[in-house]
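Chain residues, written in single-letter form:
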Amino acid sequence: MTDTPGPEKKRKLSRTEMRRNARSYTLQALYQWQMAAQPVNEIEAQFRVNNDMADTDVALFGELLRGVTARARALDDAYSLFLDRSVDDLDPVELAVLRIGAYELIERLEVPYRVAINESVELAKIFGATESHRYVNGVLDKLAHKVRAAEVMAKRGR
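First, a word on what this report is: a plain description of the structure on this page.

Cut-offs applied
- Residues numbered from 1 in each chain as written.
- Predicted model: local features only at pLDDT ≥ 70, side-chain atom pairs only at ≥ 80, totals over all residues.
- Heavy atoms only, no water.
- Helix = DSSP H or I, 4+ residues; strand = E, 2+ residues; numbered from the N terminus.
- Buried < 20%, exposed > 50% of the residue type's maximum accessible area, 1.4 Å probe, protein only.
- Contact = heavy atoms within 4.5 Å.
- Core = buried A, V, L, I, M, F, W, Y, C linked by side-chain atoms within 4.5 Å.

**Here's the deal with the environment of Leu65**
Next, step 1: Along the chain, the position of Leu65 falls in helix H3 (residues 58-70).
Next, step 2: For Leu65, a relative accessible area of 1% gives the class buried.
Next, step 3: The contacts of Leu65, once residues within four sequence positions are left out, are Thr26, Ala29, Leu30, Val40 and Glu44.

Right, here's the structure in full:
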């Protein structure tokens, strides 16, 4: 039997890639929420309808979007100690990235702190200004030392 060329099969993404896609969609949805002040449920519905989310951790997308918007003020308060400017002066993309990173550091303890920081840095590299990823890294690293002190110390002790 010979192999006949057929349509290429799409490679199944790993859970890590599906989570990365969820964070990317969350960033875009948060940006829309911040700029247009639309209700979160409308934005979430729009994203689910208008985007092919087959390669996305949709549950994570929903959790991050709803969790970040519900706790935005508390998240801003948590990392504002480490800013060199006010939260209101942050670029909208940096703001959304910092909120996602802070949410993951504070609320999603199953996510290692380094993963939460690295994923946020990658979002800033893709969507943010040229050097925003360095700024995001510095702020979230300081926040991790505050909210995940035991985990940070354990990693450094190795």
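**Side note on the nonpolar core**
Next, step 1: If you look at the biggest cluster of nonpolar residues, it comprises 43 residues, and the most contacted ones within it are Phe61, Tyr79, Leu83, Leu90 and Leu98.
Next, step 2: Put simply, the parts of the chain that give this core at least two residues each are helix H1 (15-36), helix H2 (40-50), H3, helix H4 (72-80), helix H5 (92-107), helix H6 (113-127) and helix H7 (132-147).
Next, step 3: Take this core: its biggest share by element is nine residues, from H5.

**Focus: the environment of Thr16**
Next, step 1: Within the secondary structure, Thr16 sits in helix H1.
Next, step 2: On the accessibility criterion, Thr16 (42% relative accessible area) is partly exposed.
Next, step 3: Along the primary structure Thr16 and Thr56 are separated by 40 residues, whereas in three dimensions their C-alpha atoms are 9.7 Å apart.

**Some thoughts on unusual backbone geometry**
Next, step 1: For Ala37, which is not glycine, the phi torsion reads 55° and is therefore positive.
Next, step 2: The topology assignment puts Ala37 in the loop between H1 and H2.
Next, step 3: Classification of Ala37 as exposed rests on a relative accessible area of 64%.

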